[in-house]
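Here's the letter readout for the chains.
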Amino acid sequence: LRNRIIVPVRDWDQPDQIAGFIRRDTTGHPRAPKYRNPTHTPVFDKAQMLYQPCARQSSSLEGSNVVVVEGPLDALAIAAVAANTGRAHEFAPVSLAGTATTRTQTERLLALARASGGPLVLAFDADAAGTAATRAWIDTLRHHSEPSAIARTLVAHLPTSWDPADWLAHHGPAGLRTFDPTRLGDR
């Protein structure tokens, strides 16, 4: 665990309980895995997990933009910038801790989007893996969910090689527009 930021992940069904940890490399070494995630332990199953920096009750999600990102630091960056600008209630960032998704994760994300009353915003990294993940998400939604789910899904476009955390670090509060479906005319 040396040279890693350790992020606790709450249990989906019992948000006051920690189910596991995600470890993010801080060295930047090209051979070091960016993340080290347990795939399965007695209390943690990555296939069931979604990381939310701010666990909120479904009733408090109304009007929020559910933004799906790859890494927990991307979710933390969105939550931090939104909180620092008094817009925490407008964003509900969620991380998959990677690009792959399972049926359970998809169903949970769609439930969050329904509770928010808004769309699901996909904001994966602007690289080959992020592009492939976006396509896979659209296919999953098209084939395995209600027809309206695809209509309520938006994709945030970042320039090549950017991720949401880098984008917000560079653009500050104005960068939130990229993840805000109410600002479509600004993009």
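One structure accompanies this document, and this report is about it.

What counts and what doesn't
- Residues numbered from 1 in each chain as written.
- Predicted model: local features only at pLDDT ≥ 70, side-chain atom pairs only at ≥ 80, totals over all residues.
- Heavy atoms only, no water.
- Helix = DSSP H or I, 4+ residues; strand = E, 2+ residues; numbered from the N terminus.
- Buried < 20%, exposed > 50% of the residue type's maximum accessible area, 1.4 Å probe, protein only.
- Contact = heavy atoms within 4.5 Å.
- Areas by Shrake-Rupley, 256 points an atom, 1.4 Å probe, with all protein chains shown as cover.
- Pairing = 2+ DSSP bridges.
- Salt bridge = Lys/Arg side-chain N within 4 Å of Asp/Glu carboxyl O.
- Phe/Tyr/Trp six-rings, centres within 6.5 Å; stacked < 30°, edge-to-face > 60°.
- Axes fitted to C-alpha atoms, helices over the stretch in contact; angles between N-to-C directions.

This part covers the overall build of the chain. Counting its secondary structure elements, the chain contains 5 helices and 7 strands. Here the chain holds 187 residues, and 43% of them are scored as buried. When contacts within the chain are restricted to residue pairs at least 6 apart in sequence, long-range pairs at least 24 apart make up 64% of them. Summed over its atoms, the accessible surface of the chain is roughly 9700 Å², and 53% of this surface lies on carbon and sulfur atoms.

As a further point, take the sheet that holds strand E3 (residues 35–36). Taking strand neighbours across the sheet as the criterion, the 3 strands line up as E1-E2-E3 in an open arrangement whose pairing is antiparallel. Looking at strand neighbours, the two that pair on one side only are strand E1 (4–10) and E3, the edges of this open sheet.

With that settled, the discussion passes to the pattern of salt bridges. Counted by the stated rule, this structure contains 4 salt bridges. Put simply, Arg 87 and Glu 90 hold a salt bridge, and the shortest N to O gap is 2.8 Å. For Arg 87, a relative accessible area of 17% gives the class buried. Where Asp 139 meets Arg 142, a salt bridge forms, and the shortest distance between an N and an O atom there is 3.4 Å. Of the two residues, Asp 139 and Arg 142 are both situated in helix H3 (residues 128–144); the distance of 3 residues between them amounts to about one turn of the helix. Three or more residues joined by partner-sharing salt bridges are found here, namely Arg 87, Glu 90 and Asp 180.

It is worth spelling out the packing of aromatic side chains at this point. One pass over the structure, following the stated rule, counts 1 aromatic pair. With a centroid separation of 5.6 Å and 80 degrees between ring planes, the pair formed by Trp 162 and Trp 167 is classed as edge-to-face.

Pairing is parallel across the open sheet formed by 4 strands, whose spatial order is E5-E4-E6-E7. Two strands in the sheet have a free side with no partner beyond their single neighbour: strand E5 (91–95) and strand E7 (153–155). Averaged over all pairs of adjacent strands, the angle between strand axes in this sheet comes to 25 degrees, irrespective of strand direction. Here strand E4 (residues 65–69) runs beside E5; their pairing, made up of 5 bridges, is parallel. Bridge pairing in E5 places Val 66 opposite Ala 92.

Now for the side chain of Asp 125. In this structure, Asp 125 sits in the loop between strand E6 (120–122) and H3. Residue Asp 125 is classed as buried on the basis of its relative accessible area of 8%. When neighbours within four sequence positions are excluded, Asp 125 is seen to be in contact with Lys 34, Glu 70, Asp 74, Gly 130, Thr 131, Trp 162, Asp 163 and Pro 164.

These figures capture arrangement, not role.
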